[in-house]
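So the chains spell out like this:
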Amino acid sequence: MTRTAIIAGSGALPRLLAEALNDPVYVTFDDTPVPDGLTHVSGRIEKLGRLFKELKSHDVGAVTFAGAMSRPKVNPVLMDRHALRLAMALKKGDDGLLREVLALFEDQGFLIRGATEIRPDLVLEPGMLWGRKPTREDLDDAARAQAVLDALGPLDVGQGAVCAGGQVLGIETLQGTDAMLNFVKATPDRLRRAKGVFVKAPKPGQDMRIDVPTIGMATIDAVIDAGLGGLVIPAGEVIVLDRAAVETRIKEAGLFLKAQ
């Protein structure tokens, strides 16, 4: 049986996938910690051809991508032909770059496995509700935030938006979720008609085999600090890390999290 390689970024997700796989190969491109007992391959963006050969030497037939990764800084002098192809995609938006990453691995014969395929227990089922029952205003704000994400999807902007009392308070961009929620936190009370709702969702047409939207305890704490009333995510499409702790924190804070 062929092995699965985890292309690992930061955070807890790579480790959680490793726990669910049989003898995975753990691939890092920086000083990301490697769980004990795993076969480790250290890669360089400039030398993807070398990485492909090493993975095949370890009988790797599939790869999965997990954890946060920033756009790499590369040395053009060292690039092989695979890295040059990826470098051209750096000029595109995130979706375009990620599609090119997937295509590179597929062209080498690797099967791409999504994180939620390996760990389906990390996403929530439709209708699941933690914490208080959302009000009609909460649901209207969630619908408006989702409409904003749907409208911006073709522009490859981000995966999150906040709406309060019908007003858009924040839209996730390249800086990420934490930066958006800090921006919302700084919004004066006189400009806020309600507490507001944070919606986190994949972009329309996003390839769910890579860059699956993820929330965890840090996200919940940022939502609380921003003074929001709750969160809404699409069922089956957003990973929830530290599930039990997140549910407890939401209930203690008087928030809600709804999967729909």
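Residues numbered from 1 in each chain as written. Predicted model: local features only at pLDDT ≥ 70, side-chain atom pairs only at ≥ 80, totals over all residues. Heavy atoms only, no water.

1. Considerations on the overall build of the protein
From N to C terminus, the protein includes nine helices and 13 strands. Its C-alpha atoms give the protein a radius of gyration of 20 Å, near enough to 18 Å, the size a compact globule of 260 residues would have. Each of the three principal axes of the protein carries a C-alpha extent, and together these read 60 × 35 × 30 Å. A buried classification covers 49% of the 260 residues belonging to the protein. Here the contacts in the protein between residues at least 6 apart in sequence split such that 69% fall between residues at least 24 apart. As presented, the protein carries roughly 12,700 Å² of accessible surface, and 52% of it is formed by carbon and sulfur atoms. Mean positive and mean negative side-chain charge positions of the protein (32 and 34 charges, respectively) differ by 3 Å. (Helix = DSSP H or I, 4+ residues; strand = E, 2+ residues; numbered from the N terminus. Rg over C-alpha atoms; globule rule 2.2 N^0.38 Å. Buried < 20%, exposed > 50% of the residue type's maximum accessible area, 1.4 Å probe, protein only. Contact = heavy atoms within 4.5 Å. Areas by Shrake-Rupley, 256 points an atom, 1.4 Å probe, with all protein chains shown as cover. Lys, Arg positive; Asp, Glu negative; His and termini not counted. Charge placed at Lys NZ, Arg CZ, Asp CG, Glu CD.)

2. Let's talk about the packing of aromatic side chains
Evaluated as defined, the whole model comprises four aromatic pairs. Relative to Phe-105, the ring of Phe-52 has its centre 5.1 Å away and its plane inclined at 85 degrees; by these criteria the two rings are edge-to-face. Taken together, the residues Phe-52 in helix 2 (residues 48–57) and Phe-105 in helix 4 (residues 94–107) connect sequence positions 53 residues apart. Note on Phe-52: relative accessible area 2%, which makes it buried. Ring centres of Phe-65 and Phe-105 lie 5.4 Å apart, and the angle between their planes is 85 degrees; this geometry places the pair in the edge-to-face category. A residue pair is termed long-range when its members are at least 10 positions apart, and Phe-65 in strand 4 (residues 60–66) and Phe-105 in helix 4 qualify at 40 residues. Phe-105 shares its class with Phe-65; the two are buried. (Phe/Tyr/Trp six-rings, centres within 6.5 Å; stacked < 30°, edge-to-face > 60°.)

3. Digging into the side chain of Arg-192
For Arg-192, the location among the structural elements is in the loop between helix 7 (177–185) and strand 9 (197–200). In this structure, Arg-192 is buried with no salt-bridge partner, the nearest side chain bearing the opposite charge being Asp-189 at 5.4 Å. (Salt bridge = Lys/Arg side-chain N within 4 Å of Asp/Glu carboxyl O.)

4. Quick notes on the sheet that holds strand 4
One open sheet accounts for five strands, arranged 3-2-1-4-5; its pairing is parallel. Each of the sheet's edge strands pairs with one partner strand only, and the pair in question is strand 3 (39–42) and strand 5 (111–112). Both strand 1 (residues 3–8) and strand 2 (residues 25–28) contribute to a ladder of three bridges, which runs parallel. Residue pairing in the sheet places Ile-7 in a bridge with Val-27 of strand 2. The strands touched by helix 4 within the sheet are strand 1, strand 4 and strand 5, with strand 4 carrying the most contacts at an inclination of about 170 degrees. (Pairing = 2+ DSSP bridges. Axes fitted to C-alpha atoms, helices over the stretch in contact; angles between N-to-C directions.)

5. Considerations on the sheet that holds strand 11 (residues 230–233)
Pairing is mixed across the open sheet formed by six strands, whose spatial order is 6-13-11-9-7-8. With one partner strand each, in any of the chains shown, strand 6 (129–131) and strand 8 (167–171) form the two edges of the open sheet. Neighbour-to-neighbour, the strand axes of this sheet turn through a mean angle of 15 degrees, independent of strand direction.

6. Regarding unusual backbone geometry
The phi dihedral of Asp-156 falls on the positive side, at around 55 degrees, and the residue is not glycine. As for its placement among the helices and strands, Asp-156 is situated in the loop between helix 6 (136–152) and strand 7 (160–164).

7. Observations regarding the nonpolar core
If you look at the biggest cluster of nonpolar residues, it comprises 25 residues, and the most contacted ones within it are Val-162, Leu-181, Phe-198, Leu-228, Ile-233 and Leu-257. Listed by contribution, the elements that provide at least two residues to this core are strand 7, helix 7, helix 8 (217–225), strand 11, helix 9 (243–253) and strand 13 (256–259). If near-sequence neighbours (up to four positions away) are discounted, Leu-181 is found in contact with Val-162, Phe-198, Thr-219, Ala-222, Val-223, Ala-226 and Leu-228. By size, the runner-up hydrophobic cluster in this structure holds 24 residues, among which are Leu-55, Phe-65, Ala-89 and Val-101. (Core = buried A, V, L, I, M, F, W, Y, C linked by side-chain atoms within 4.5 Å.)

Read these as geometric descriptors, not functional statements.
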